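# Analysis of the macromolecular model
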Amino acid sequence: MTRAYPLVLLPLTLALLPHVLGCSGGDTDASSDGATSTSSSSGNGSGATGGSTTGATGGSTTATTGGGATTGGSTTTATTGGGTTTATTGGGTTEKFSFFVTSLVAMREQSGSQDGFGGDLRFGETGPGAGLRGADKICATIAEKSLPGAGGKTWRAFLSAAAGEDGKQVDAIDRIGEGPWYDRLGRLIASNKQDLLGERPAGAEGLGDDLPNEDGVPNHQPDPSQPEVDNHDTMTGSDEEGRLFGSTATCSDWTSAAADRNSKPRLGHSWPRNFGGGGPGGPGGGFNMAHWMSAHDAAGCTPGVNLVDAGGPGQGATSVGSGGGYGGIYCFALTP
């Protein structure tokens, strides 16, 4: 008779434990429900005000192998706080990595601020088109950290702008290649641009209603050991066809984090937000709370994080995250 040894998986479980329990650096006053309450000023040099952080979540969980190699055909299954993630480390999966939503943990780390970047995504770039180039560099930097070698791909932030390097309008849908696009775990997000032109990406393998971050973790619950958080708002500056929403919808083409209430970046929703019926009106006019690339306007361009469902931005709010988010962006690689 063959005997079973269930404790064989113990080293894997222990190896993953720090990722499951880890919190983002600088988070304080963690409560039992997984939220933290942090108030901090922006550290990215923008001088923006109104960047308070409310209900910040703990760190995201990486349920994949950390190396850049994809040889071999082994499959690892890890149970993390009530959710099971299967990561295939070979057979043509993770090398396809070509889409993600930037996580709160990553945006805090890259900006050097608990409040994130706000609407200023220059990331050290200067001159015409600096906001778009900086955002692209943010995408590549985060991809490389998640999967060494992935940063060598050509990454594009899904952002529109009134003027690019040549002074002409830039539409997000024209920046990202032709597809297909896959998440960190090799799961299909969309086969082509046509699959993207709907409320939710068509063809996504169970991911369309909760788009994953750079670790392949659905963004609504970035730490599977903690409750879901209200972080749906994702900056795009785009309409429902992925084209420029308007001249004031891009935080001065992603170069400003100023508290200018006339500049309100257009947001999409990384997961559908349900207000129980909704309707016309709301921030910036009509809204579609299910649309991944164009749902409504943010309150403003200042850095800020809010992960607690408060029914929308509070009176006088000016931050990119005040309605439920942190100023995240979508990242696409031109080729899988």
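For the structure itself, look to the data block above.
Residues numbered from 1 in each chain as written. Predicted model: local features only at pLDDT ≥ 70, side-chain atom pairs only at ≥ 80, totals over all residues. Heavy atoms only, no water.

### Digging into the nonpolar core
One finds L121, W155, F158, L159, I329 and F332 to be the most contacted residues of the largest nonpolar core, which totals 52 residues. Looking at this core, the elements with two or more residues in it are β5 (99-101), α2 (104-111), α3 (130-146), β6 (155-157), β8 (188-190), α5 (251-254) and β13 (325-333). The element that contributes the greatest number of residues to this core is α3, accounting for seven residues. Sequence-distant contacts of F158, that is, excluding residues within four places in its chain, are made with A172, I173, I176, M235, T236, S238, G242, W292, M293, Y330 and F332. (Core = buried A, V, L, I, M, F, W, Y, C linked by side-chain atoms within 4.5 Å. Buried < 20%, exposed > 50% of the residue type's maximum accessible area, 1.4 Å probe, protein only. Helix = DSSP H or I, 4+ residues; strand = E, 2+ residues; numbered from the N terminus. Contact = heavy atoms within 4.5 Å.)

### Looking at the pairing of β13
Look at any regular strand and the pattern is simple: side chains alternate between the two faces of the sheet. For β13, a buried count of nine out of nine residues is recorded, marking the element as mostly surrounded by other parts of the structure. Summarising the sheet, β5 and β13 pair through three bridges and their orientation is antiparallel. Pairing of F100 across the sheet is with C331, part of β13. Bridge count for β6 against β13 is three bridges, and the pairing is antiparallel. Within β13, the residue paired with W155 across the bridge is A333. By the bridge criterion, three bridges tie strand β9 (residues 233-235) to β13 in an arrangement that is parallel. Bridging from a neighbouring strand, M235 pairs with I329 of β13. (Pairing = 2+ DSSP bridges.)

### Section: the packing of aromatic side chains
Inspection of every chain in the model, using the stated rule, returns eleven aromatic pairs. Ring geometry for W292 and F332: centres 6.3 Å apart, planes at 50°, overall tilted. Taken as a pair, W292 in the loop between β10 (266-269) and β11 (296-297) and F332 in strand β13 lie far apart in primary sequence, 40 residues in all. For the pair shown, W292 and F332 are each scored as buried. Joined through ring pairs, the aromatic side chains of F99, F158, W181, W292, Y330 and F332 make up one cluster. (Phe/Tyr/Trp six-rings, centres within 6.5 Å; stacked < 30°, edge-to-face > 60°.)

### Here we look at the pairing of β10
Along β10, one buried face is formed by R266 and G268 and the opposite face, lined by L267 and H269, is buried too. Across three bridges, the pairing between β9 and β10 is antiparallel. Following the sheet pairing, M235 is matched in β10 by L267. Pairing geometry for β10 and β11, over two bridges, is antiparallel. Following the sheet pairing, R266 is matched in β11 by D297.

### Section: the environment of M107
Here M107 shows up in helix α2. Between the C-alpha atom of M107 and that of G328, which follows or precedes it by 221 residues, the distance is 7.1 Å. Here M107 is in contact with T102, G116, F117, I138, I142, Y326, G327 and G328, once residues within four sequence places are set aside.

Structural measurements only, silent on function.
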